[in-house]
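Observations on the model geometry
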Amino acid sequence: MFPKPLPALTPNTYDYESLPMVKPTGFREYDARWLFQKEINLMGVQALGMGLGTLLKEMGVKPEIVTGHDFRGYSSAIKYALVSGLMAAGVRVKDIGLALSPMAYFAQFDLDVPAVAMVTASHNDNGWTGVKMGARRPVTFGPEEMGRLKDIVLSASFDLTGGGAYEFIENFPARYIADLTDRPKLRRKIKVVAACGNGTAGAFAPKVLEAIGCEVIPLDAELDHTFPRYNPNPEDMKMLHAMAEKVRETGADVGLGFDGDGDRCGVVDNEGNEIFADKIGVMLARDLSTLHPGATFVVDVKSTGLFNTDPALQKNGVKVDYWKTGHSYIKRRVSELSALAGFEKSGHFFFNKPVGRGYDDGILTALAVCDMLDRNPTKSMADLYRDLPKTWGSPTMAPHCADEVKYEVVERVVKRFTGMKDKGEAVAGQKIVDLVTVNGVRVVAEDGTWGLVRASSNKPELVVVVESPVAEARMREMFKAVDTVLRENPEVGAYNQTI
């Protein structure tokens, strides 16, 4: 018998070294995240592996899995604890070593393995760890699978029949790089700033971009898991500002920034303008729908309203589906609708055939941006950006809210805005014309200005985004209105960044 995991233990004690610790809140909607040593210990990770192996059997999935780990000082130790648990549950493990998340997803196809368990905390601060999991390529787990996994692990209901095995796949990154670069080179000479935030992508992204014909200027591409300048997160304004500065300094055509596990990409144009990912999505949808008229695109509820109103997309017969935020939700929806692509405001982009295999890959996104520039040889990235109808949008802003209460707080906020709409009350001085409640609440005013509140799926935070097609002042008015409602809830803390 393996002990039942406990929600909390004190480090540097007998119990901490003898019992598994797994804080229940680490099981998120579509992946798992914990503060290592504070919320999970290595025995807890081992329990997670046992639970995942048990779940694969329960799902009727062949007990074979790909695993890899990102570049953090403790990620390999966590991976090997996970592997020991998987093997105890009878799973045959194929380990691709240090990897990006999309490299692990690619390995599911390349090695013909049904399941994946990628050890990564993505862009979270040092101290965090986590696992991205899936059992049906190219999609990853959603709430149903994560809920069942949580039940198995916390109750220690493991099927430990043994019979597992371990195989290290030597030099797997070369196969991933070859797959991305087996294509024609760019016709246009493009100078690219490749910003990696000292994260895992630094080992791979510059090589791939050079191989397709780009002139690459690396920025923080040296691997350093202390993240000396900022977290590798292309949604973080510090990283975007550093990219913009380097683009202006070097006269680059575009800046491309990658997050800690390489499944997201952020973009800065040749004039140093930091373009939010949803606007990049509109630009790529314009480019791809010219090649594939009538295409369907899936976008998350944090994204710009331009997907519905852009004349170029309308002309190309584009169909758009606004869906729940979260890489697993969008990935699954893209698969269900056979959409050409899915775009998430956080920078997770999913390209289906003929562009990709349906999973999120920041380097493939970078290649799609380069291809768009290649197909528009007379236009700069800034020109393509200026071609979009003007809107004023905020970055993703995250006020602190504890995991234990964040969903309840969002329910209260949804109820509050629903009540305001039912009573005909104004928001930011105008009538509420629409409420989208598929994921939190997106409140839309008469002039198209909107504000979103939802719970973060992987951190103790809420998520707030506002946008206006009218003026910056209207965007700020909407933020003030949304924040006023949030402040009715004492559990809501300070923002990580605001407009």
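Relevant structure appears above.
My aim in this report is to walk through the structure given alongside it, one point at a time. Note that the structure is predicted; figures quoted are calculated from it, not measured.

Here is what the cut-offs are and how they apply
- Residues numbered from 1 in each chain as written.
- Predicted model: local features only at pLDDT ≥ 70, side-chain atom pairs only at ≥ 80, totals over all residues.
- Heavy atoms only, no water.
- Helix = DSSP H or I, 4+ residues; strand = E, 2+ residues; numbered from the N terminus.
- Axes fitted to C-alpha atoms, helices over the stretch in contact; angles between N-to-C directions.
- Parallel < 35°, antiparallel > 145°, perpendicular 65-115°, else oblique.
- Contact = heavy atoms within 4.5 Å.
- Nonpolar A, V, L, I, M, F, W, Y, C, P; charged D, E, K, R; others polar.
- Phe/Tyr/Trp six-rings, centres within 6.5 Å; stacked < 30°, edge-to-face > 60°.
- Buried < 20%, exposed > 50% of the residue type's maximum accessible area, 1.4 Å probe, protein only.
- Lys NZ or Arg CZ within 6 Å of the ring centre and 35° of its normal.
- Expected span 1.5 Å × (residues − 1).
- Polar contact = N/O pair within 3.5 Å; in protein donor to acceptor, adjacent residues only side chain to side chain.
- Pairing = 2+ DSSP bridges.
- Left-handed = near helix turned anticlockwise from the far one by under 90°.

1. Topic: the environment of A242
- Residue placement: A242 occurs in helix α8 (residues 237-250).
- Each C-alpha atom of the pair A242 and V427 lies 36 Å from the other, and the pair is 185 residues apart in sequence.

2. A short note on the packing of helix α4 (residues 101-110) against helix α6 (residues 172-181)
- At their nearest, the axes of α4 and α6 sit 10 Å apart, and the two run at 85° to each other. Our classification of the angle between α4 and α6 gives roughly perpendicular. Contacts between α4 and α6 involve P102, M103, F106, A107 and D110 from the former and F172, P173, R175, Y176 and D179 from the latter.
- Class assignment of the residues belonging to the contact of α4 with α6 gives a composition of seven nonpolar, no polar and three charged.

3. A few points about the packing of aromatic side chains
- Per the counting criterion, the structure on display carries 13 aromatic pairs.
- The interplanar angle of 55° and the centroid separation of 5.8 Å between the aromatic rings of Y105 and Y359 together place this pair among those described as tilted. Of this pair, Y105 sits in helix α4 while Y359 sits in the loop between β15 (349-351) and α13 (362-375), and the two are 254 residues apart along the sequence.
- Judged by relative accessible area, which is 1%, Y105 ranks as buried.
- Their ring planes at 75° and their centres at 6.2 Å tell us that F343 and F351 sit as a pair that is edge-to-face.
- According to the relative accessible area criterion, F343 is buried, its value standing at 0%.
- For F351, a relative accessible area of 1% puts it in the buried group.
- The rings of F297, F307, F343, F349 and F351 are connected pair by pair, giving a single aromatic cluster.
- The positively charged end of R442 is found above the aromatic ring belonging to W450, 3.6 Å away from the centroid.

4. Focus: α13
- For α13, spanning 14 residues, the distance from its first C-alpha to its last is 20 Å, which sits close to the expected 20 Å at 1.5 Å a residue.
- With 13 of 14 residues buried, α13 lies mostly within the body of the structure.
- Its side-chain oxygen 2.9 Å from the backbone nitrogen of I363, D361 forms the N-cap of α13.

5. Quick look at the side chain of K406
- In this structure, K406 sits in helix α15 (residues 406-422).
- Classification of K406 by relative accessible area gives buried; the value is 2%.
- Reaching out from K406, the side chain makes a polar contact with the backbone oxygen of K459 at a distance of 2.9 Å.
- Apart from the residues lying within four places of it in its own chain, the contact partners of K406 are R28, C401, A455, S456, S457, K459, E461 and L462.

6. Quick look at the sheet that holds strand β7 (residues 191-195)
- Pairing within the open sheet is mixed, and its five strands lie in the order β8-β7-β9-β10-β11. Across the chains shown, the open sheet's two edge strands, defined by having one partner strand only, are β8 (215-219) and β11 (274-275).
- Relative to strand β9 (residues 254-258), β7 runs parallel, the two sharing four bridges. Residue pairing across strands places V192 opposite V254, the latter belonging to β9.
- The strands that α13 touches are β7, β9 and β10 (265-269); relative to β9, the one it contacts most, it runs at about 170°.

7. Topic: the pairing of strand β19 (residues 441-445)
- Judged by how many residues are buried, β19 sits mostly within the fold: five of five residues are covered.
- Relative to β19, strand β18 (residues 430-436) runs antiparallel, the two being bridged by four bridges. Note that in β19 the partner of I432 across the bridge is A445.
- Counting the residues that bridge the hairpin from β18 to β19 gives four residues, and of these G440 lies at a positive phi of roughly 75°.
- In terms of strand pairing, β19 meets strand β20 (residues 450-455) through four bridges, oriented antiparallel. Its bridge partner lying in β20, V443 is registered against G451.
- Taken together, β19 and the strand that follows it, β20, pair antiparallel across an intervening segment of four residues, in which G448 is found at a positive phi of about 90°.

8. Some thoughts on the packing of helix α9 (residues 277-291) against α13
- Relative to each other, α9 and α13 sit at 60°, their axes nearing to 10 Å. When the interaxial angle is binned, α9 and α13 end up oblique. By crossing handedness, the relation of α9 to α13 is classed as left-handed. The segment α9 lies against α13, with I280, M283, L284, D287, L288 and L291 engaging A368, V369, M372 and R375.
- Looking at the contact of α9 with α13, its residues break down into eight nonpolar, no polar and two charged.

9. Topic: the pairing of strand β4 (residues 115-119)
- With respect to burial, β4 is a largely interior element, five of its five residues being buried.
- Alternating positions in β4 separate into two faces, A115, A117 and V119 on one and V116 and M118 on the other, with burial throughout.
- The pairing of strand β2 (residues 64-69) with β4 spans five bridges and is classified as parallel. Of the residues in β4, the one forming a bridge with T67 is A117.
- Taken together, the four bridges between β4 and strand β5 (residues 128-134) define a ladder with antiparallel strand orientation. If you follow M118 over to β5, its bridge partner there is K132.

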